[in-house]
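Take a look at the letters that make up each chain.
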Amino acid sequence: MQIAGYLNLVANGFDNFTHGLAVAGSFIISPKIGVLTTTAILLHEIPHEIGDFAILLRSGFNPWSAAKAQLSTATVGLIGAIFTLAVDCMKTIGNYTAWILPFTAGCFIHIALSNLLPDLLKEDNPKESMKQFFCLIIGIGTMGCVTLFADP
């Protein structure tokens, strides 16, 4: 088995942990924001998990082992959610849950800027660059619309 598969599992575990933080933290703020955050993460996770499954298969995992490994990294998201809820219950240490959503948003922005943006900038085909830019604008517009509807 190649090391890329194991590295992917570690990265996926961290990613799912921050998703758990974001989901639980958003439900603490309001159920409406919680549902919107959960929906956004699910829409992101479906193609992401399919891609991770393919990486594991190419790394030498058999389909059953890859599925079990993916399931084990998904449970790390539950640990993130439990952590958030536990911190929220401990009122004696202050309101740390107010920092959870900005922290997870910062993590996702870091990933986008450090991993995805350099790949986008390497594109030489202007048509492909325009498609990527158009999709980026659609994503920003979608989040703007969600913000209008999620305003508590």
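Residues numbered from 1 in each chain as written. Predicted model: local features only at pLDDT ≥ 70, side-chain atom pairs only at ≥ 80, totals over all residues. Heavy atoms only, no water.

### Concerning the overall build of the protein
Alright, step 1. The secondary structure content of the protein amounts to 5 helices and 0 strands.
Alright, step 2. Based on the C-alpha atoms only, the size of the protein along its principal axes is roughly 50 × 40 × 20 Å.
Alright, step 3. When burial is assessed residue by residue, the protein has 26% of its 152 residues classed as buried.
Alright, step 4. Accessible surface, the protein: about 10200 Å² in total, of which carbon and sulfur atoms supply 77%.
Alright, step 5. Positive and negative side-chain charges in the protein, numbering 7 and 10 respectively, have mean positions lying 4 Å apart. (Helix = DSSP H or I, 4+ residues; strand = E, 2+ residues; numbered from the N terminus. Buried < 20%, exposed > 50% of the residue type's maximum accessible area, 1.4 Å probe, protein only. Areas by Shrake-Rupley, 256 points an atom, 1.4 Å probe, with all protein chains shown as cover. Lys, Arg positive; Asp, Glu negative; His and termini not counted. Charge placed at Lys NZ, Arg CZ, Asp CG, Glu CD.)

### A few points about the packing of helix α2 (residues 31-58) against helix α3 (residues 63-89)
Alright, step 1. Remark: α2 packs on α3, axes separated minimally by 9 Å, with the N-to-C direction vectors making an angle of 135 degrees. By the criterion of interaxial angle, the relationship of α2 to α3 is oblique. Considering the relative orientation of α2 and α3, their crossing is right-handed. Contact residues: Glu49, Asp52, Phe53, Leu56 and Leu57 in α2; Pro63, Ala66, Ala67, Ala69 and Gln70 in α3. (Axes fitted to C-alpha atoms, helices over the stretch in contact; angles between N-to-C directions. Parallel < 35°, antiparallel > 145°, perpendicular 65-115°, else oblique. Left-handed = near helix turned anticlockwise from the far one by under 90°. Contact = heavy atoms within 4.5 Å.)

### Digging into the packing of helix α1 (residues 3-29) against α2
Any two packed helices are characterised by how steeply their axes cross, that is the angle between the axes, and by the distance between the axes.
Alright, step 1. α2 packs onto α1 with a crossing angle of 170 degrees between their chain directions and a minimal axis gap of 9 Å. Put simply, α1 runs roughly antiparallel to α2.
Alright, step 2. Residues that form the contact of α1 with α2 fall into these classes: 12 nonpolar, 11 polar and 4 charged. (Nonpolar A, V, L, I, M, F, W, Y, C, P; charged D, E, K, R; others polar.)

### What about the layout of surface pockets?
Alright, step 1. Taken as a whole, the second largest pocket holds about 290 Å³ of empty space.
Alright, step 2. Lining the second largest pocket are 13 residues, and of these His19, Val23, Ile41, Glu45 and Gly77 sit closest to its centre.
Alright, step 3. Mapped onto the lining of the second largest pocket, the elements with two or more residues apiece are α1, α2 and α3.
Alright, step 4. Top element by residues in the lining of the second largest pocket is α2. It accounts for 5 residues.
Alright, step 5. The residue makeup of the lining of the second largest pocket, split by class, is 6 nonpolar, 5 polar and 2 charged. (1 Å grid on protein atoms, 1.4 Å probe; cavity = no way out; pocket = protein on both sides within 12 Å on 5 of 7 lines; lining within 4 Å. Points joined across faces, edges and corners; volume = space filled by probe spheres on them.)

### Digging into α3
Alright, step 1. With 27 residues, α3 extends 40 Å from end C-alpha to end C-alpha; this agrees with the ideal 39 Å at 1.5 Å per step.
Alright, step 2. All of the buried residues in α3 are Ala66, Ala69, Gln70, Thr73, Gly77, Gly80, Ala81, Thr84, Val87 and Asp88.
Alright, step 3. Where α3 begins, the capping side chain belongs to asparagine 62, and its oxygen is found 3.1 Å from the backbone nitrogen of tryptophan 64. (Expected span 1.5 Å × (residues − 1). Polar contact = N/O pair within 3.5 Å; in protein donor to acceptor, adjacent residues only side chain to side chain.)

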